[in-house]
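A closer look at the structure
As a plain string of letters, each chain reads:
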Amino acid sequence: TPYPLIVTTCFDRTLERAFEDASLSFDLVSYTSSEKQFIYQRFKGMSCTKEEIISQENKDTTFLQERPVILRLYGPVDWNHADRGENFAITEDHFLDYLACDISHQLPTDLWNKLLEGRLWFLGYSLSYWNLRFIIRQIRQDSNTEWWAVEERADILDKDLWHKNNVSFFGSQEIGSLEEYLNKIYERLEEELNKLPKPPARK
């Protein structure tokens, strides 16, 4: 697929604001605790141009062909519509309801396949949270692609859990600080971009 899938368990709007600041369109798929389903929203700049609940009838809608997708596994704190209110998974009861529904049947087909077939890169995640381990196991049992995890302040338990899930782990000994690691990635990307042929100048 030509566009990335970015998965987050955070509740803030940092990712959306980054796309808005760059004037980039994106799709947003978020869990909502009242419907116990995922909602799809299409954004152009700061405007939501389309919204619908993901159901069995529309879960085969094509994603990742025209825009990046942000997948919010637990929903955001602030929805664009006031009538939706505080509709996210944060308490133990929320997570019990959430885990009772098989997300492989709730997520759009394209996004679930991307999780199974893609090479996943976990940045700053800790497997000490049982709800996250459950989701990863759901994906991992049907996936054998290469995964990586980068966590600056991981303890022995985290490292052991990542290895048990067949994930290549990188901690502070390998990367230094997270800021240093990201700076090196930016530098490498710049190097690779500079190697690409320049487009012809417009007359």
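Residues numbered from 1 in each chain as written. Predicted model: local features only at pLDDT ≥ 70, side-chain atom pairs only at ≥ 80, totals over all residues. Heavy atoms only, no water.

1. Quick look at helix α6 (residues 156–164)
Side chains that are three or four residues apart share a direction in an α-helix, a result of its 3.6 residues per turn. So the rule is basically this: Here the term buried applies to any residue with accessible area under 20% of the maximum for its type, exposed to any over 50%, and partly exposed to those in between, with areas from a 1.4 Å probe on protein chains only. Numbering of helices and strands runs from the N terminus; a helix is a DSSP stretch of H or I covering at least four residues, while a strand is a stretch of E covering at least two. In this description, one arc is meant: the one made by directions from the helix axis to the C-beta atoms. Polar contact criterion, stated in full: a pair of N or O atoms within 3.5 Å, where within protein one must be able to donate a hydrogen and the other to accept it, and residues adjacent in sequence count only if both atoms are side-chain atoms.
For α6, the set of buried residues is D158, L161 and W162. End-on view of α6: buried residues confined to an arc of 100 degrees, all on one side of the axis. Facing away from the buried side of α6 by over 90 degrees, the exposed positions are I156 and K164. The backbone nitrogen of L157 lies 3.2 Å from a side-chain oxygen of the residue at the head of α6, namely D155.

2. Some details on the sheet that holds strand β7 (residues 148–150)
Within a sheet, adjacent strands bond to each other through the backbone by hydrogen bonds, running parallel or antiparallel. The line we're drawing: Between any two strands, at least two bridges found by DSSP are needed for them to pair. For helices, the fitted line uses only the C-alpha atoms of the stretch in contact; every axis is such a line through C-alpha atoms, and the angle between N-to-C directions lies from 0 to 180 degrees. Contact definition: two residues touch when any of their heavy atoms are within 4.5 Å.
On the basis of which strands lie adjacent, the open sheet formed by 3 strands has the order β6-β7-β8 and parallel pairing. Every other strand in the sheet has two partners, leaving β6 (121–123) and β8 (168–170) as the edge strands with one partner each. Neighbour to neighbour, the strand axes of the sheet diverge by 15 degrees on average, direction disregarded. Across 3 bridges, the pairing between β7 and β8 is parallel. Within β8, the residue paired with A149 across the bridge is F169. Across the sheet, helix α8 (residues 178–195) touches β6 and β7, and the angle it forms with β6 is around 140 degrees.

3. Observations regarding the sheet that holds strand β5 (residues 69–72)
Taken together, the 5 strands give an open sheet; going across it, the order is β1-β5-β2-β3-β4, and neighbouring strands pair in mixed fashion. Each edge of the open sheet carries a strand with a single partner, namely β1 (5–8) and β4 (47–53). Here the average twist between neighbouring strands, direction ignored, is 20 degrees. With 6 bridges connecting them, strand β3 (residues 37–44) and β4 associate as antiparallel partners. Counted as the bridge partner of I39 is I53 from β4. Each of β1, β2 (26–32) and β5 is contacted by helix α1 (residues 14–21), which is oriented at about 165 degrees to β5, the strand it contacts most. The strands that helix α4 (residues 109–117) touches are β1, β2 and β5; relative to β1, the one it contacts most, it runs at about 85 degrees.

4. Examining the nonpolar core
We apply this condition: The set of buried Ala, Val, Leu, Ile, Met, Phe, Trp, Tyr and Cys residues whose side-chain atoms join them within 4.5 Å is what this entry labels a nonpolar core.
Counting residues in each nonpolar core, the largest one holds 33 residues, and the members touching the most others are V29, L71, L115, F122 and W162. Where this core is concerned, the elements lending two or more residues are β2, β3, β5, α4, α5 (130–140) and α6. Among residues more than four places away in sequence, those in contact with F122 are I136, W147, W148, A149, V150 and W162.

5. Observations regarding the packing of aromatic side chains
Filter applied, for reference: Ring pairs shown here join Phe, Tyr and Trp side chains whose ring centres sit within 6.5 Å, with only the six-membered ring taken for Trp; geometry is labelled stacked below 30 degrees between planes, edge-to-face above 60, and tilted in between.
Throughout the structure, instances matching the rule amount to 8 aromatic pairs. Between the aromatic rings of Y31 and F38, the centroid separation amounts to 5.5 Å while the plane-to-plane angle is 65 degrees, which identifies the pairing as edge-to-face. On the basis of relative accessibility, which here comes to 1%, the residue Y31 falls in the buried class. A residue is classified by how much of its surface remains accessible, and F38, at 1% relative accessible area, is buried. Geometrically, the ring pair formed by F122 and W147 is tilted, given 5.4 Å between the ring centres and 55 degrees between the ring planes. Residue F122 is located in strand β6, and its partner W147 is located in the loop between α5 and β7; the two are separated by 25 residues in the primary sequence. We classify F122 as buried; its relative accessible area is 12%. On the basis of relative accessibility, which here comes to 1%, the residue W147 falls in the buried class.

6. Here we look at the confidence of the model for the protein chain
Filter applied, for reference: Each residue gets a pLDDT score, which is the predictor's confidence in that residue and runs from 0 to 100.
For the protein chain, mean pLDDT is 81; residues scoring 70 or higher make up 84% of the total. Mean pLDDT across the elements of the protein chain bottoms out in helix α2 (residues 92–100) (64) and peaks in β5 (91).

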